[in-house]
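Commentary on secondary and tertiary structure
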Amino acid sequence: DAGITQSPRHKVTETGTPVTLRCHQTENHRYMYWYRQDPGHGLRLIHYSYGVKDTDKGEVSDGYSVSRSKTEDFLLTLESATSSQTSVYFCAISDPMDIQYFGAGTRLSVL
Amino acid sequence: GESVGLHLPTLSVQEGDNSIINCAYSNSASDYFIWYKQESGKGPQFIIDIRSNMDKRQGQRVTVLLNKTVKHLSLQIAATQPGDSAVYFCAENPETSYDKVIFGPGTSLSVIP
C-alpha cells in the first residue's frame, strides 16, 4: 500500500464518543487526504493537507477535523461520532500534480 | 473485508476473454483521468492514467480509451484472469485541483474460471 499505514484497521465505538484515525506515510509525499467510502457513493473527500499544518476542507468535512504536525502523519478526528459516520475511511498520499496512492482503509462502526 | 458498494454495476467475464469497463465523466474541464482497482478488503490501487491530450494509452494488459466528445472513458483488460476480479472505478481531475478529484461509484468485475 505504497508506504501508507492506517490505524486502527477496525474500530467500533458509541455515538457521542471522540475517535481519532491515524495515517502514517514513509514516502515523504507532500499531500495527504482523508476519504470516506460508502455504498452507492464514490470516494468522497473529507479533508486534505498540502503541507505540515496546512489543511483544507473537502466535500464532506462537517463533523470532522484534521491535524498534520509532521510530514508523515495525518490525523482525522471525529469529535463526537454519529451513526452517519459509520463508513470505511481511506487515507491517500500524493506529490503535487500526481497520482494518489491509498492506504488499506479503516472500517469504523458507530453504534 | 470492507464493503465497497452493494449496488454497483456488475460485469461477469469468462477467464481469458477481454473485459471492457466504462465510465462517464461529468466535467468537460477535466484534464486528467485515472483508473483504480479495488480488491475486497483493500484500498484502491492505481492501474493507469491518461491526460486529456491523449485518446488512448496502453499498459500491461490494460488500455484506457478517452472520448472527450461524449465524456466517456473505458478500461480494457486483455485476457482477463481470476485475479482481475475487483471493483474498478475511474477518477477525473478537473484542472488538476486536489479538492476537485471526482471518483465514480465503480463497476464490479467478476471473472468466471
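What this report covers is the structure whose coordinates are included nearby.

Definitions and cut-offs
Residues numbered from 1 in each chain as written. Chains lettered and ligands numbered in written order. Predicted model: local features only at pLDDT ≥ 70, side-chain atom pairs only at ≥ 80, totals over all residues. Heavy atoms only, no water. Helix = DSSP H or I, 4+ residues; strand = E, 2+ residues; numbered from the N terminus. Buried < 20%, exposed > 50% of the residue type's maximum accessible area, 1.4 Å probe, protein only. Contact = heavy atoms within 4.5 Å. Areas by Shrake-Rupley, 256 points an atom, 1.4 Å probe, with all protein chains shown as cover. Lys, Arg positive; Asp, Glu negative; His and termini not counted. Charge placed at Lys NZ, Arg CZ, Asp CG, Glu CD. Pairing = 2+ DSSP bridges. Axes fitted to C-alpha atoms, helices over the stretch in contact; angles between N-to-C directions. Salt bridge = Lys/Arg side-chain N within 4 Å of Asp/Glu carboxyl O. Core = buried A, V, L, I, M, F, W, Y, C linked by side-chain atoms within 4.5 Å.

On to the overall build of chain A, then. Along chain A, the regular secondary structure elements total zero helices and 11 strands. Reading the secondary structure of chain A in the N-to-C direction produces β-β-β-β-β-β-β-β-β-β-β. Each of the three principal axes of chain A carries a C-alpha extent, and together these read 35 × 25 × 25 Å. Of all 111 residues assigned to chain A, the portion counted as buried reaches 50%. Taking the intrachain contacts of chain A between residues at least 6 apart in sequence as the baseline, contacts between residues at least 24 apart amount to 55%. Counting only carbon and sulfur atoms, one obtains 47% of the accessible surface of chain A, whose full area is about 4,900 Å². Across chain A, the mean location of the 11 positive side-chain charges is 4 Å away from that of the 13 negative side-chain charges.

Bringing the environment of Asp62(A) into the picture now. Residue and element names in this part refer to chain A. Relative to the helices and strands, Asp62 resides in the loop between β6 (54-57) and β7 (64-70). Overall, the relative accessible area of 71% leaves Asp62 in the exposed class. Along the backbone, Asp62 and Leu78 are 16 residues apart, and their C-alpha atoms lie at a distance of 9.6 Å.

This part is about the sheet that holds β7(A). All names here are of chain A. A sheet is described by the order of its strands in space; here four strands give the open sequence β1-β3-β8-β7, paired in antiparallel fashion. Of all the strands in the sheet, just β1 (4-7) and β7 have a single pairing partner and so form its edges. The mean angle between the axes of side-by-side strands here comes to 15°, regardless of whether they run parallel or antiparallel. Bridge count for β1 against strand β3 (residues 19-25) is four bridges, and the pairing is antiparallel. Counted as the bridge partner of Gln6 is Cys23 from β3.

It is worth spelling out the pattern of salt bridges at this point. Per the counting criterion, the structure on display carries eight salt bridges over all chains. The salt bridge involving Asp38(A) is made with Arg36(A); its shortest N-O contact spans 2.8 Å. The class of Asp38(A) is buried, set by a relative accessible area of 8%. Residues Glu39(B) and Lys42(B) are paired through a salt bridge, measuring 3.9 Å at the closest nitrogen-oxygen approach. Glu39(B) sits in the partly exposed class, given a relative accessible area of 25%. Residue Lys42(B) is classed as partly exposed on the basis of its relative accessible area of 44%. Taken together, the shared-partner salt bridges in this structure form one network comprising Arg22(A), Lys70(A) and Asp73(A).

The next thing to look at is the environment of Gly42(A). If you trace the backbone, Gly42(A) turns up in the loop between β4 (31-37) and β5 (44-51). Exposure remark for Gly42(A): the relative accessible area of 13% places this residue in the buried category. Excluding residues that lie within four positions of it along the chain, Gly42(A) makes contacts with Arg36(A), Phe103(B), Gly104(B) and Pro105(B).

Turning our eyes to something else, we now look at the pairing of β6(A). All names here are of chain A. Bridge count between β5 and β6: four bridges; the pairing is antiparallel. Across the sheet, the residue bridging to His47 is Lys57, located in β6. Counting the residues between successive antiparallel strands, the hairpin from β5 to β6 contains two residues, one of them, Lys53, with a positive phi of roughly 70°.

With that settled, consider the nonpolar core. Judged by nonpolar contacts, the single largest core of 20 residues is most densely connected at Tyr33(A), Tyr35(A), Leu43(A), Phe102(A), Tyr36(B), Phe89(B) and Phe103(B). Counting only elements with at least two residues in this core, the list comes to β4, β5 and β9 (87-94) of chain A together with β3 (30-38) and β8 (86-94) of chain B. The residues contacting Tyr35(A), other than those within four sequence positions of it, are Leu43(A), Arg44(A), Leu45(A), Ile46(A), Val88(A), Tyr89(A), Phe90(A), Ala92(A), Gln100(A), Phe102(A), Val101(B) and Phe103(B).

With that settled, the discussion passes to the sheet that holds strand β7 (residues 72-77) of chain B. Residues and elements named next belong to chain B. The antiparallel open sheet is built from four strands, whose spatial order is β2-β7-β6-β5. A single partner strand is all that each edge strand has here, and the edge strands are β2 (19-24) and β5 (56-58). When strand polarity is set aside, the average angle formed by the axes of neighbouring strands in this sheet is 15°. Pairing geometry for strand β6 (residues 62-67) and β7, over six bridges, is antiparallel. Counterpart to Leu66 in the pairing with β7 is Leu73.

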